[in-house]
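Observations on the model geometry
Each chain, written out:
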Amino acid sequence: MSQIASPPSVISRLRPASVSSNVRRPGPTWRTAILIWPSWQAIGRGAKFLAMVPNTDHDGQSRSFIEEARRAQIVNAAVETIAEVGYHRASMGRIGTRAGISRGLISYHFAGKSELIAQVVTTVYTDAAAFMTPMIDAETTPAGQLRAYVSSNLEYMRAHPARMIALVEILTGGGLADLPDADPAAFDRQMLLPLEQLFAAGQECGEFRDFDVTVMARIVRGVIDAVPTALSRDPDLDIDRYLREITTAIAHATRPVPSTPEET
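Rules of the game
Residues numbered from 1 in each chain as written. Predicted model: local features only at pLDDT ≥ 70, side-chain atom pairs only at ≥ 80, totals over all residues. Heavy atoms only, no water. Helix = DSSP H or I, 4+ residues; strand = E, 2+ residues; numbered from the N terminus. Buried < 20%, exposed > 50% of the residue type's maximum accessible area, 1.4 Å probe, protein only. Contact = heavy atoms within 4.5 Å. Areas by Shrake-Rupley, 256 points an atom, 1.4 Å probe, with all protein chains shown as cover. Salt bridge = Lys/Arg side-chain N within 4 Å of Asp/Glu carboxyl O. Axes fitted to C-alpha atoms, helices over the stretch in contact; angles between N-to-C directions. Nonpolar A, V, L, I, M, F, W, Y, C, P; charged D, E, K, R; others polar. Phe/Tyr/Trp six-rings, centres within 6.5 Å; stacked < 30°, edge-to-face > 60°. Patch = residues over 30% accessible without salt bridge, like charges linked within 9 Å, V, L, I, M, F, W, Y side chains within 5 Å. Core = buried A, V, L, I, M, F, W, Y, C linked by side-chain atoms within 4.5 Å. Polar contact = N/O pair within 3.5 Å; in protein donor to acceptor, adjacent residues only side chain to side chain.

Some details on the overall build of the chain
The secondary structure content of the chain amounts to 11 helices and 0 strands. Ordered by position from the N terminus, the helices and strands of the chain form the series α-α-α-α-α-α-α-α-α-α-α. By the burial criterion, 45% of the 264 residues in the chain qualify as buried. In the chain, the proportion of contacts linking residues at least 24 apart, taken out of those at least 6 apart, comes to 74%. In the structure as shown, the chain presents an accessible area of about 12,600 Å², 52% of it carried by carbon and sulfur atoms.

Encoded structure:
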């Protein structure tokens, strides 16, 4: 797994703007907020996501290249361990064994499992955002960005299956609740908000039919989130087939309904 190296401009795009409860009203930020990653504050202040704060050690000093490389090695080992045995069975000892280091050395770099898991989530989200953003920004319409959003999600899963399997294991296994000051409800809201804004913008310009944007956002997110689980059970999963069928299904579910003679 690569180290966290996404520029601040990418990170800032992950924070969807606050809007009123009337999500049908499109805002000017839907195109840059389409990556439906949660705000780091929603995940928890105690998580100390390092993509959002300077890299410092426990004494407030900047980390060396060697320290950063070791942290990346531990995060990568955590990802692979969680993907293989699940969140709850991924003990610090198992992670250390996979990384080829002692549990004590892990504790030197991470205060505990919750801090390590927070870094895993940050690393995956940050890397995925950097991967997906250019594909989505290349599109200029709500329908085009929706297609790009789905395809870039699955292409990232194809390129980095262990990361996505580990992320789903963490989120579905209660890992988010284990993080200090985590707010799962806020996390869920932030995950849906940019898609809701995109759907509202597409309805406003006539590219999407009239539907409940929150329900549709949950449908889209649910379908995409099911793929890593399927991938964990079948490493040879046909991603192209899933991409084709998911894209087609979402297009049919959101496209405008032709008017009947009685309605004209």
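We are not done yet, so read on.
Let's talk about the environment of Ala253
Its place among the elements puts Ala253 in helix H11 (residues 239-254). Look at Ala253 and you get partly exposed, because its relative accessible area is 24%. Along the backbone, Ala253 and Phe211 are 42 residues apart, and their C-alpha atoms lie at a distance of 9.3 Å. What Ala253 contacts, discounting residues up to four positions off in sequence, is Arg209, Phe211 and Met216.

Some remarks on the pattern of salt bridges
Applying the stated criterion across every chain yields a total of 8 salt bridges. Its salt-bridge partner being Arg158, residue Asp240 comes within 2.7 Å of it at the nearest N-O pair. Here the residue Asp240 occupies a position in helix H11, and Arg158 occupies one in helix H7 (residues 142-159), the gap between them amounting to 82 residues. What makes Asp240 partly exposed here is its relative accessible area of 42%. In this structure, Asp188 and Arg218 form a salt bridge, with 2.7 Å as the shortest nitrogen-oxygen distance.

Some remarks on the packing of H7 against helix H9 (residues 184-204)
The contact between H7 and H9 brings their axes to 9 Å, and the two run at 145 degrees. Judged by residue contacts, Pro142, Leu146 and Tyr149 of H7 engage Leu195, Leu198, Phe199, Ala201 and Gly202 from H9. Per-class residue counts for the contact of H7 with H9 are 7 nonpolar, 1 polar and no charged.

Focus on the packing of aromatic side chains
Considering all chains together, one arrives at 4 aromatic pairs under this definition. Relative to Phe208, the ring of Phe199 lies with its centre 5.7 Å away and its plane at 70 degrees, an arrangement referred to as edge-to-face. Judged by its relative accessible area of 0%, Phe199 is buried. When the ring of Phe199 is compared with that of Phe211, the centres are 5.3 Å apart and the planes differ by 85 degrees; the resulting orientation is edge-to-face. Of this pair, Phe199 sits in helix H9 while Phe211 sits in the loop between H9 and helix H10 (213-233), placing them 12 residues apart in sequence. A residue is classified by how much of its surface remains accessible, and Phe211, at 9% relative accessible area, is buried. One aromatic cluster is present, built from ring pairs that chain together Phe199, Phe208 and Phe211.

Considering a nonpolar patch on the surface
There is a patch of nonpolar side chains on the surface, built from Val215, Ile219 and Val223 and spanning about 230 Å² of accessible area. Within the secondary structure, Ile219 sits in helix H10.

Some thoughts on the nonpolar core
Within the largest apolar cluster, 60 residues are counted, with the highest numbers of intra-cluster contacts made by Leu116, Val120, Tyr149, Leu195, Phe199 and Val220. Elements that contribute at least two residues to this core include exactly helix H3 (65-85), helix H4 (92-99), helix H6 (113-137), H7, helix H8 (161-172), H9, H10 and H11. In terms of residues, this core owes the most to one element, H6, which gives 10 residues. With residues near it in sequence (within four places) discarded, Val120 still touches Val75, Ala78, Val79 and Ile170.

With respect to the environment of Thr81
Locating Thr81 in the fold gives a position in helix H3. Overall, Thr81 belongs to the buried group, its relative accessible area being 3%. Sequence spacing of Thr81 and Thr97 is 16 residues, and the spatial spacing of their C-alpha atoms is 9.6 Å. Not counting residues up to four positions away in its chain, the partners in contact with Thr81 are Gly86, Ala90, Arg94, Ile95 and Arg98. Here the side chain of Thr81 touches Ala77 through a polar contact of 2.7 Å, landing on its backbone oxygen.

Interpretation in functional terms is not warranted from these geometric data alone.
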